[in-house]
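Notes for the structure review
Listed here are the chains, written in short residue letters.
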Amino acid sequence: MRGSDLAIWSLTALVIISIVCYVFWDLLKRWRIGLRLAAMDESLLFDDGVSIEEITDAPPGSSIVTGRVAEFLERDLGS
């Protein structure tokens, strides 16, 4: 019975240590990306570990509204 208890505790410790290492690595990666963003590092555009979902260039004070895209329709006002 002692051998099985030791195996269970060992596997539990291994899983917990693995989870802690994964969380630490992810936080470290996000911190490094934050530093690169603050430094306006253009190499982030070509980094495989970073994905860009949407780039919006708008004047200050603008807001993004989800919905349909507005399109200009020309109307002939002469008739």
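This text goes with the structure placed above it.
None of the values given here were measured: they were computed from a predicted structure.

1. Overview of the overall build of the chain
In terms of helices and strands, the chain carries one helix and zero strands. Entry remark: accessible area of the chain is about 8,300 Å², with carbon and sulfur atoms responsible for 63%.

2. Some words on unusual backbone geometry
Unlike most non-glycine residues, methionine 40 shows phi in positive territory, near 55 degrees. With respect to the element layout, methionine 40 can be found in the segment after helix 1 (2–38). For methionine 40, a relative accessible area of 71% gives the class exposed.

3. Section: the pattern of salt bridges
Tallied over the entire structure, the rule returns four salt bridges. When the shortest N-O distance is used, the salt bridge between lysine 29 and aspartate 26 registers 3.9 Å. With lysine 29 and aspartate 26 both in helix 1 and three residues apart, the pair spans about one turn of that helix. Among the ionic pairs, aspartate 41 bridges to arginine 36, the shortest N-O distance being 3.1 Å. Taken together, the shared-partner salt bridges in this structure form one network comprising Asp26, Lys29 and Arg30.

4. Here we look at a nonpolar patch on the surface
A cluster of nonpolar side chains, Val15, Ile19, Tyr22, Val23 and Leu27, forms an exposed patch at the surface whose accessible area comes to about 520 Å². Looking at the element boundaries, tyrosine 22 is found in helix 1. Exposure remark for tyrosine 22: the relative accessible area of 59% places this residue in the exposed category.

5. What to know about helix 1
Its 37 residues place the ends of helix 1 54 Å apart at the C-alpha level, agreeing with the 54 Å of an ideal helix rising 1.5 Å per residue. Once helix 1 ends, the next one or two residues include methionine 40, with phi positive near 55 degrees.

Quick notes on the rules
- Residues numbered from 1 in each chain as written.
- Predicted model: local features only at pLDDT ≥ 70, side-chain atom pairs only at ≥ 80, totals over all residues.
- Heavy atoms only, no water.
- Helix = DSSP H or I, 4+ residues; strand = E, 2+ residues; numbered from the N terminus.
- Areas by Shrake-Rupley, 256 points an atom, 1.4 Å probe, with all protein chains shown as cover.
- Buried < 20%, exposed > 50% of the residue type's maximum accessible area, 1.4 Å probe, protein only.
- Salt bridge = Lys/Arg side-chain N within 4 Å of Asp/Glu carboxyl O.
- Patch = residues over 30% accessible without salt bridge, like charges linked within 9 Å, V, L, I, M, F, W, Y side chains within 5 Å.
- Expected span 1.5 Å × (residues − 1).

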